[in-house]
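Results of the structural survey
The residues making up each chain are set out below.
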Amino acid sequence: MAWRGVIEEYRERIELDAGVEAITLLEGNTPLIEAPRLAATIGFDGRIFLKYEGLNPTCSFKDRGMTVALSAAVARGAKAVICASTGNTSAAAAAYAARAGIRAFVIVPEGNIALGKLSQAVMHGARVLAVRGNFDDAFRVVTGVAEQAQVTVVNSINPLRIQGQKTAAFEVCDVLGRAPDYHFLPVGNAGNITAYWLGYKEYEADGVSDRLPKMMGFQAAGAAPIVIGQQVDDPQTIASAIRIGNPVSWKGAAAARDESGGIIDSVTDRQIIEAYQQLAACEGVFAEPASAASIAGIKKAVSESRVEPGSTAVCTLTGHGLKDPTNAIEVCPEPTKIGPSVEEALQAMGLD
Ligand code: AN7
């Protein structure tokens, strides 16, 4: 049977009022790709699988939560949704609001959202407000606006977002037949690590998986409030998606770490960029810089002997590489310019 989107596929496991009509773009069912070359490159004697969330309809994992949040909002008669976003949430909110025929307002940090994400928000007809400030400032504006206007907040303080996002953990188990031993993922607002942990716990409690993974979250070193244990006032990282100083789901992330016996650690921008290029070049999988924090994370954890040899690890690649063409072009060598001549081409190819 054709895939019906995460609500219909997992409706009995999602806390959504019975009979709510699903507003869907058929999100979910993303591939779990084994990455043996990457495992060999980083010296990991075990199996790595990539949960490639960049293949969702708006090219990030945010679609899973947005289908649930928008479906519930519309069922309750909402005419508009609002979110603060480093880009991907706004792209998903804009698309699902368009699908539902309601308005979307998105507040993004001016100058700090990747081009692909901004193009999605505007193309889907959202009203985009660029705030002079960072994500945390934008989020404060959203909560303030929501107190005074008839708009539904679809940031991950909305618990329905977490309900949708946990389906990614179900999919991983449905493919592997059980939970992995380790689950690596980037951490920004910390909604996703909270959601995966919830999903894994539910499958384990129901006997669908015989184990729980250790949750291995990674923040960017310049935006690592959970790692240092305090809010960061001026978060900085090349991975704009996770440039967040005061995560909305901080408590959920800490609980996932502590209950699972995992870690929340940081990786530098240099490590993120190296992993970003390595993943694309050695496995043919293109993910945006924030997503590469999970790859930088497993490299770091393996190098520190924090991962058992012979174990199975899943790394979530949260967003597609095409979301952020600017960074890709910047970190790679420029194309070699040649005239329309076979000789020049051969010479430039450097094969002889
Ligand atoms: C590609 O869009 O917060 O820890 O406003 O876009 O669940 O926040 C994006 C977050 C990782 C972090 N990877 O996930 C937003 C936003 C990508 C992301 C994260 C985000 P959370």
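One structure accompanies this document, and this report is about it. Small disclaimer: the values here were computed from a predicted structure and weren't measured.

The next point concerns the packing of helix α8 (residues 167-176) against helix α9 (residues 191-205). In the contact formed by α8 and α9, the axes pass within 7 Å of each other and the chain directions differ by 50 degrees. Judged by the inter-axis angle, α8 sits oblique to α9. In terms of crossing hand, the pair formed by α8 and α9 is right-handed. Contacts between α8 and α9 pair A168, A169, F170, V172, C173 and D174 from the former with Y196, G199, Y200, E202 and Y203 from the latter.

The environment of the ligand is made up of 22 residues, and the closest members are N88, N189, A190, N192 and T318. Take G191: an N or O atom from its main chain is 3.2 Å from an oxygen atom of the ligand. Residue N192 places a main-chain N or O atom 2.7 Å away from an oxygen atom belonging to the ligand. Burial of the ligand by the protein amounts to 99% of the accessible area it has alone, namely 480 Å². When atoms are counted within 2 Å of each cavity's grid points, the one that captures over half of the ligand is the largest cavity. Split into classes, the residues belonging to the shell around the ligand amount to nine nonpolar, 11 polar and two charged.

The subject of this paragraph is the nonpolar core. In this structure, L38, I48, L50 and F184 are the most contacted members of the largest nonpolar core, which totals 39 residues. Those elements that provide at least two residues to this core are α2 (36-41), β2 (47-52), β7 (182-186), β8 (214-220), β9 (263-267), α12 (269-283), α13 (289-303) and β10 (312-317). Broken down by element, the residue count for this core peaks at eight residues, all from α13. Among all residues touching L50, those that are not within four sequence positions of it are P31, L32, I33, A35, L38, L279, V285, I295, C315 and L317. In this structure, L16, L32, A169 and A179 belong to the second largest nonpolar core, which totals 31 residues.

Counted according to the given criterion, the structure contains eight aromatic pairs. Judged by centre distance (6.4 Å) and plane angle (35 degrees), the rings of Y182 and F184 are tilted. Here the two residues Y182 and F184 agree in accessibility, since each one is buried. Geometrically, the ring pair formed by F184 and F218 is stacked, given 6.0 Å between the ring centres and 15 degrees between the ring planes. Here F184 is found in strand β7, whereas its partner F218 is found in strand β8, with 34 residues between them in sequence.

About the cut-offs
- Residues numbered from 1 in each chain as written.
- Predicted model: local features only at pLDDT ≥ 70, side-chain atom pairs only at ≥ 80, totals over all residues.
- Heavy atoms only, no water.
- Axes fitted to C-alpha atoms, helices over the stretch in contact; angles between N-to-C directions.
- Helix = DSSP H or I, 4+ residues; strand = E, 2+ residues; numbered from the N terminus.
- Parallel < 35°, antiparallel > 145°, perpendicular 65-115°, else oblique.
- Left-handed = near helix turned anticlockwise from the far one by under 90°.
- Contact = heavy atoms within 4.5 Å.
- Near = heavy atom within 4 Å.
- Polar contact = N/O pair within 3.5 Å; in protein donor to acceptor, adjacent residues only side chain to side chain.
- Areas by Shrake-Rupley, 256 points an atom, 1.4 Å probe, with all protein chains shown as cover.
- 1 Å grid on protein atoms, 1.4 Å probe; cavity = no way out; pocket = protein on both sides within 12 Å on 5 of 7 lines; lining within 4 Å.
- Sits in = over half its atoms within 2 Å of the grid points.
- Nonpolar A, V, L, I, M, F, W, Y, C, P; charged D, E, K, R; others polar.
- Core = buried A, V, L, I, M, F, W, Y, C linked by side-chain atoms within 4.5 Å.
- Buried < 20%, exposed > 50% of the residue type's maximum accessible area, 1.4 Å probe, protein only.
- Phe/Tyr/Trp six-rings, centres within 6.5 Å; stacked < 30°, edge-to-face > 60°.

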